[in-house]
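# Structural overview
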Amino acid sequence: MKFKKSLLAMLLATCFIASTNALADDKPWTASAGLSYRDSSFNLPSNKYDNESWSTNLGLTRKLDDRTWLGGTIAYNNGNSDYKSLNGETDIDTTSVSAYIIRNLAFGLFANGSIGYGKSQIDTNISNLRYDTDADFKTASLGLTQYLPFTPNLMASINAHYTHVSSDLDKFVTNLGATVPSSDNTLNYITLGGSLTYQLNKWTPFVNLNWNKSNREFIAGTGDKDYFSYSLGTRYAITTETSIGVTLGSVFDKRNVNETSAGISLSRQF
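Notes on the structure in this doc start here. (Residues numbered from 1 in each chain as written. Predicted model: local features only at pLDDT ≥ 70, side-chain atom pairs only at ≥ 80, totals over all residues. Heavy atoms only, no water.)

## A word on the pairing of strand β12 (residues 226–237)
Note that strand β11 (residues 203–214) and β12 share eleven bridges and pair antiparallel. Note on β12: the bridge partner recorded for W203 is Y236. If you look at the hairpin formed by β12 and strand β13 (residues 242–252), you'll find four residues sitting between the two strands. (Pairing = 2+ DSSP bridges. Helix = DSSP H or I, 4+ residues; strand = E, 2+ residues; numbered from the N terminus.)

## A word on the pattern of salt bridges
Under the counting rule described, the total for this entry stands at five salt bridges. Note that K63 is salt-bridged to D66, the shortest N-O span being 3.7 Å. For the salt bridge of D65 with R103, the shortest nitrogen-to-oxygen distance reads 3.8 Å. One end of the pair, D65, is in strand β2 (residues 48–65); the other, R103, is in strand β4 (residues 88–106), and 38 residues separate them in sequence. We classify D65 as partly exposed; its relative accessible area is 36%. (Salt bridge = Lys/Arg side-chain N within 4 Å of Asp/Glu carboxyl O. Buried < 20%, exposed > 50% of the residue type's maximum accessible area, 1.4 Å probe, protein only.)

## Description of the side chain of T94
Here T94 shows up in strand β4. A polar side-chain atom of T94 sits 2.7 Å from a polar atom in the side chain of S120. (Polar contact = N/O pair within 3.5 Å; in protein donor to acceptor, adjacent residues only side chain to side chain.)

## Structural notes on the environment of G223
The topology assignment puts G223 in the loop between β11 and β12. Residue class for G223 comes out partly exposed when judged on its relative accessible area of 32%. Distance in space between the C-alpha atoms of G223 and K202 is 43 Å, their sequence separation being 21 residues. Setting aside anything within four residues of it in sequence, one finds G223 in contact with E217 and R255. (Contact = heavy atoms within 4.5 Å.)

## Thoughts on the sheet that holds β2
Spatial strand order, β1-β2-β3-β4-β5-β6-β7-β10-β11-β12-β13-β14: twelve strands in a closed barrel with antiparallel pairing. Pairwise comparison of adjacent strand axes, ignoring direction, gives a mean angle of 15 degrees for this sheet. Summarising the sheet, strand β1 (residues 29–43) and strand β14 (residues 257–269) pair through 13 bridges and their orientation is antiparallel. Within β14, the residue paired with S36 across the bridge is G263. (Axes fitted to C-alpha atoms, helices over the stretch in contact; angles between N-to-C directions.)

## Details of the pairing of strand β7 (residues 154–169)
Across 15 bridges, strand β6 (residues 129–149) lies against β7 in antiparallel orientation. Looking at β7, one finds that L142 is bridged to Y162. Where β6 hands over to β7, the hairpin turn is made up of four residues, counted between the paired strands. Here β7 pairs with strand β10 (residues 183–198) via 16 bridges, running antiparallel. The residue bridging T163 from the neighbouring strand is Y189, located in β10.

## Concerning a nonpolar patch on the surface
On the surface, L35, W54, I238, I244, V246, I264 and L266 cluster together into a nonpolar patch covering about 590 Å² of accessible area. Contributions of two or more residues to the nonpolar patch are made by β13 and β14. In this structure W54 comes out as partly exposed when scored by relative accessible area, which is 46%. (Patch = residues over 30% accessible without salt bridge, like charges linked within 9 Å, V, L, I, M, F, W, Y side chains within 5 Å. Areas by Shrake-Rupley, 256 points an atom, 1.4 Å probe, with all protein chains shown as cover.)

## Quick look at the environment of R255
Note on placement: R255 falls in the loop between β13 and β14. Along the backbone, R255 and K225 are 30 residues apart, and their C-alpha atoms lie at a distance of 10.0 Å. Each residue touching R255, except ones within four places of it in the same chain, is listed here: T222, G223 and D224.

## Considering the packing of aromatic side chains
Per the stated rule, a full pass over the model turns up twelve aromatic pairs. Ring geometry for F42 versus Y49: centroids 4.5 Å apart, planes at 10 degrees, classification stacked. We note that F42, like Y49, is buried. Plain terms: the ring middles of Y189 and F218 are 5.5 Å apart, the flat faces sit at 70 degrees to each other, and that makes the pair edge-to-face. Here Y189, found in strand β10, pairs with F218, found in the loop between β11 and β12; they are 29 residues apart in sequence, far enough to count as distant. Here Y189 and F218 have matching classes, each one buried. One aromatic cluster is present, built from ring pairs that chain together F42, Y49 and Y83. (Phe/Tyr/Trp six-rings, centres within 6.5 Å; stacked < 30°, edge-to-face > 60°.)

## Some thoughts on the nonpolar core
In terms of nonpolar packing, the biggest core is built from 13 residues, with F42, Y49, L187, Y189, F218 and I219 touching the most fellow members. I92, I122, A135 and L169 belong to the second largest nonpolar core, which has seven residues in total. (Core = buried A, V, L, I, M, F, W, Y, C linked by side-chain atoms within 4.5 Å.)

Dropping the structure here:
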């Protein structure tokens, strides 16, 4: 069913991403807010469709001691898939929450873990077929990040993360009277990546590159069990406690898929 492809794409977009600055901790609390946009084009042999999604999130992090941070995030995502070859569309609204912990182990090595839960409302209208249903999903993630300062202004990092996503789709009845039973899916994948960050007065430009490897297709029908993603952007220190950031991203080596994303975020320590 086509809604499963859209649901899985949305789930991946809402999986845990910890975005706290673990190296700047002169104040115990950090509040953050973000807004992002993603545009994807799928050119599958059996179906061609475009997907647009908007996401917003609010986060709060607390420094517990010199080596430990605890935080939480609430996020909302609205996604729309326009099926060109099927003459229809699917709308998915998702609300999710997550909690995470970050621990400075030693010598610039940080460990992090998270758990999350989300719920989606799915409305589909394809040709003569219409249905509404709900889905919920759970996420868990573990990771390590090693920071490598090269100069007082230049820092690199390498990271490795494992993520588990399990989703359950509720039973529903279509407008034609057909009953579709409930179903569940699981996805496990690893992310290996690195980044470079340069401090230039109040500006901090950065670039990230990640390789994502899954135990199954990320998007059904694409054959993609691994792909690369990258992003670049900068943060600007408005004050010593407040900063704003912008990010642009994309993917490559992802068959039948073109994707771009953009985001803006604001954080304040207090």
